[in-house]
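Descriptive structure summary
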Amino acid sequence: MKLATYRTEHAEKIGALTTDGKRLVDLQAASGGAPRFATMLSLIDAGEAGLAEARVLVADAERTGADCDLLEAVTLMAPIPVPPQIRDFSVFPTHIVQAPTGMKKLAAALKGDPIPEIETGDVPAVYRAQPIYYFTNRFSVVGSDTTVKWPRYSAYMDFEIELAAVLSKGGKDISVATAGDHIFGYTIFNDFSARDAQLVEMGGMLGPAKGKSFDAGNAFGPFLVTKDEIPDVAALTARVRINGTQYMSDDCSAMLHSFEEMIAFVSRDETLHAGEIFGSGTVGNGCGLEHFTFLGDGDVVELEIDGIGVLRNTVVRQ
């Protein structure tokens, strides 16, 4: 199923997209008001039984046409508007080696120096040895077709296309072999970045802060797709369009660590919770920093991943 959190004129709901892609089944209305369909987190907590019931409700609504909202008439929110936690990893080798090169070029630009030609290096050993990640602001979350306001303290605004996994249940000391049971589904993540702020703070050796954390800095959507519809993450293709023009296209086969390996690693002596989001990090060539081209006022950024849809946001200067 393709699931969504959305707003109508009167309420905030969760729904499932119909097969024609034109309607969302209001799951709580279709269930007669069952609390397990009140929010995406409550549906996740309902487990496989909740998903099985949701599939029946969708089939009934498809047949009768009842309890549906037209997709074009609603506002899509992030699938989980306030997730319990967001961890953002970096597992694509192309981005791992190209991003530092982009940062060196940015450092030269900020000093007013000529932009140097720099050869990319190798993937640092630590990225191969274990999944590397940071925490981002779980309250700064928006959905598709939301306007993202450019932080006033930044002159270099950027995007990043990522695949994100949402956890279906909690756990601790999870094995790689069983970690797949902890994945509810997948969505698209645009990790908006204030690159000049990020450049400064990374010198502090504590990871990104204001370079990543600002209002609307984390965009997710348009849908949360249950894992049964995406059997092979590595086979997915990611695409970026800026103002309608193709910017990049690449598949997800190069991940140094799978989501199952990420889950197992993080859960060592640490309890995970249902609804947490694990971002994959930027798909190779999937951000402006790697091309040393950045966003402009009014740019429309469209991120597309097979089977999930298109996450669209407009960036505006304040």
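Heads up: the structure comes first, above all this text.
So, here's what we can say about the structure. (Residues numbered from 1 in each chain as written. Predicted model: local features only at pLDDT ≥ 70, side-chain atom pairs only at ≥ 80, totals over all residues. Heavy atoms only, no water.)

Next up on the list: helix H4 (residues 93–111). Residues spaced three or four apart along an α-helix face the same direction, because each turn holds 3.6 residues. Its 19 residues give H4 an end-to-end C-alpha distance of 28 Å, which sits within 8% of 27 Å, the value for a rise of 1.5 Å per residue. Within H4, the full set of buried residues consists of Pro-93, His-95, Ile-96, Val-97, Gln-98, Ala-99, Thr-101, Gly-102, Met-103, Lys-105, Leu-106 and Ala-108. Buried positions along H4 lie against helix H5 (125–129), helix H7 (195–201) and helix H9 (288–291). A positive backbone phi angle near 85° is found at Gly-112, which sits one or two residues after H4. (Helix = DSSP H or I, 4+ residues; strand = E, 2+ residues; numbered from the N terminus. Expected span 1.5 Å × (residues − 1). Buried < 20%, exposed > 50% of the residue type's maximum accessible area, 1.4 Å probe, protein only. Contact = heavy atoms within 4.5 Å.)

As for its placement among the helices and strands, Glu-119 is situated in the loop between H4 and H5. Here the alpha-carbon distance between Glu-119 and Val-301, two residues 182 residues apart in the chain, equals 28 Å.

In the structure shown here, the tally under the stated rule is 8 aromatic pairs. An angle of 50° between the planes, with centres 5.8 Å apart, marks the rings of Tyr-186 and Phe-259 as tilted. Of this pair, Tyr-186 sits in strand S12 (residues 183–191) while Phe-259 is found in helix H8 (residues 259–266), placing the two residues 73 residues apart along the sequence. Here the two residues Tyr-186 and Phe-259 agree in accessibility, since each one is buried. Residue placement shows Arg-317 over the ring face of Trp-150; its charged tip is 3.9 Å from the ring centre. (Phe/Tyr/Trp six-rings, centres within 6.5 Å; stacked < 30°, edge-to-face > 60°. Lys NZ or Arg CZ within 6 Å of the ring centre and 35° of its normal.)

A few words on the pairing of strand S1 (residues 2–7). As defined by bridge partners, S1 adjoins strand S14 (residues 218–226) across 2 bridges and the pair is classed as antiparallel. Across the sheet, Leu-3 pairs through a bridge with Leu-224, a residue of S14. Here S1 runs beside strand S2 (residues 12–17); their pairing, made up of 5 bridges, is antiparallel. Residue pairing in the sheet places Leu-3 in a bridge with Ala-16 of S2. Where S1 folds back on S2, the antiparallel hairpin that results is connected by 4 residues. By the bridge criterion, 2 bridges tie S1 to strand S5 (residues 75–76) in an arrangement that is antiparallel. Its bridge partner being in S5, Arg-7 is matched across the sheet by Thr-75. (Pairing = 2+ DSSP bridges.)

Okay, the nonpolar core next. One finds Tyr-186, Phe-192, Phe-259 and Phe-278 to be the most contacted residues of the largest nonpolar core, which totals 55 residues. Looking at which element gives the most residues to this core, the answer is H8, with 5 residues. Beyond its immediate chain neighbours, meaning those up to four positions away, Phe-278 contacts Arg-87, Phe-89, Leu-163, Ala-164, Ala-165, Leu-167, Phe-259, Met-262, Ile-263, Val-266 and Leu-272. Grouped together as the second largest cluster of nonpolar side chains are 28 residues, Leu-3, Met-40, Ala-54 and Val-166 included. (Core = buried A, V, L, I, M, F, W, Y, C linked by side-chain atoms within 4.5 Å.)

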